Amino acid sequence: RRQMILPFRKPLIIMTPKSLLHHKPCSSTLLDMGIGTAFEPVLDDPSVVKTPKRVVFCSGKLYYYLCRARKGLKCETEVSLIRIEQLCPFPFCSLEKTVRRYARMASSEAKIDFVWAQEEPKNMGAWSFVQPRLQAIELKLKDEGIEFSISYKGRPVSASPATGSFQLHGDEMKRIARDVLMK
């Protein structure tokens, strides 16, 4: 959308797996892109979770996998899934606003667990880019008396981006979903 309204043309490169091209939940209507709308770099959970025990930040197709897993594990009322749709430039303001809202929901006896989830190994995905930026938000909120810290859930550090086995990949994805969604 932004590419079209810029006074100059530059290539638009979209890096997405083919599996999402025809995936109904990740498609938009023309009304979503009409006049008066804007790109949102951070998308809050569409299912309203009143008092989440865990808030999960993720990017890409993992969101859709976690949505299905959350339904299967019956933890829709305990876990909020937040999508970061644009990593660069990093959406500090949007993300800070979202974190602030969830952090205020936490009470002194019921803390909210904030998690970054990714499908890739820890040393290969967005975590190394996102972590220092989330820590900057953490420091800013700490100065205001709002407690927020984030942990990583996903594959451990690895020399290879994939296991090479469809069965092992499926098992890893199930483990990641359990780790991310269950406390």
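This structure is a prediction, so every number in the text was calculated from the model and none was measured. (Residues numbered from 1 in each chain as written. Predicted model: local features only at pLDDT ≥ 70, side-chain atom pairs only at ≥ 80, totals over all residues. Heavy atoms only, no water.)

Concerning the packing of aromatic side chains
How two aromatic rings sit relative to each other is set out by the distance from centre to centre and by the angle between their planes. As a reminder of what qualifies: In this analysis, rings of Phe, Tyr and Trp, with Trp reduced to its six-membered ring, are considered paired at centre separations within 6.5 Å, and the interplanar angle assigns stacked below 30 degrees, edge-to-face beyond 60, and tilted for intermediate values. For each residue, the accessible area found with a 1.4 Å probe, counting protein chains only, is set against the maximum for its type, and the residue is called buried under 20%, exposed over 50%, and partly exposed in between. Going along the chain from the N terminus, every DSSP run of H or I of four or more residues is numbered as a helix, and every run of E of two or more is numbered as a strand. Note on criteria: charge over ring means Lys NZ or Arg CZ within 6 Å of the ring centre, with the direction from the centre no more than 35 degrees off the ring normal.
The tally for this structure, following the rule as stated, stands at six aromatic pairs. Between tyrosine 63 and tyrosine 64, the aromatic rings sit 5.1 Å apart at their centres with planes inclined by 85 degrees, giving edge-to-face as the arrangement. The two residues tyrosine 63 and tyrosine 64 agree in class, both being buried. Between the aromatic rings of phenylalanine 114 and phenylalanine 148, the centroid separation amounts to 4.8 Å while the plane-to-plane angle is 80 degrees, which identifies the pairing as edge-to-face. On the criterion of sequence distance, the pair formed by phenylalanine 114 in strand S4 (residues 113-121) and phenylalanine 148 in the loop between helix H4 (127-143) and strand S5 (150-155) is long-range, its members being 34 residues apart. Just as phenylalanine 114 is buried, phenylalanine 148 falls in that class too. Ring pairs connect the aromatic residues Phe57, Phe114 and Phe148, which therefore count as one cluster. Cation over ring: arginine 133 sits above phenylalanine 129, and NZ or CZ is 3.7 Å from the ring centre.

A closer look at helix H3 (residues 92-105)
The criterion, for reference: One fewer than the residue count of a helix, multiplied by 1.5 Å, yields its expected span. Should any heavy atoms of two residues lie within 4.5 Å, those residues are considered in contact.
Look at H3: 20 Å from first C-alpha to last across 14 residues, which is about the 20 Å you get at 1.5 Å a residue. The elements touched by buried residues of H3 are strand S1 (42-43), strand S2 (54-58), strand S3 (79-84), S4 and H4.

Concerning the pairing of S5
Worth spelling out the cut-off: Only strands joined by at least two bridges in the DSSP assignment are considered to pair. For crossovers, right-handed means that the path from the first strand over the helix to the second runs clockwise, given strands pointing away from the viewer.
As judged from the six bridges shared by S4 and S5, these two strands associate in the parallel manner. Residue valine 115 lies in a different strand from S5, and its bridge partner there is serine 151. Read from S4 through H4 to S5, the crossover connection turns out right-handed.

A word on the sheet that holds S2
Quick note on the threshold: A fitted line through C-alpha atoms serves as each axis, taken over the contacting stretch for helices, and the angle formed by two N-to-C directions is quoted from 0 to 180°.
Overall, mixed pairing links the five strands, which are arranged S1-S3-S2-S4-S5 in an open sheet. Every other strand in the sheet has two partners, leaving S1 and S5 as the edge strands with one partner each. By the bridge criterion, four bridges tie S2 to S4 in an arrangement that is parallel. The residue of S4 that forms the bridge with phenylalanine 57 is tryptophan 116. Packing of H3 onto the sheet brings it into contact with S1, S2, S3 and S4, and relative to S3 it is tilted by some 170 degrees. Here H4 sits on the sheet in contact with S4 and S5, set at roughly 170 degrees to S5.

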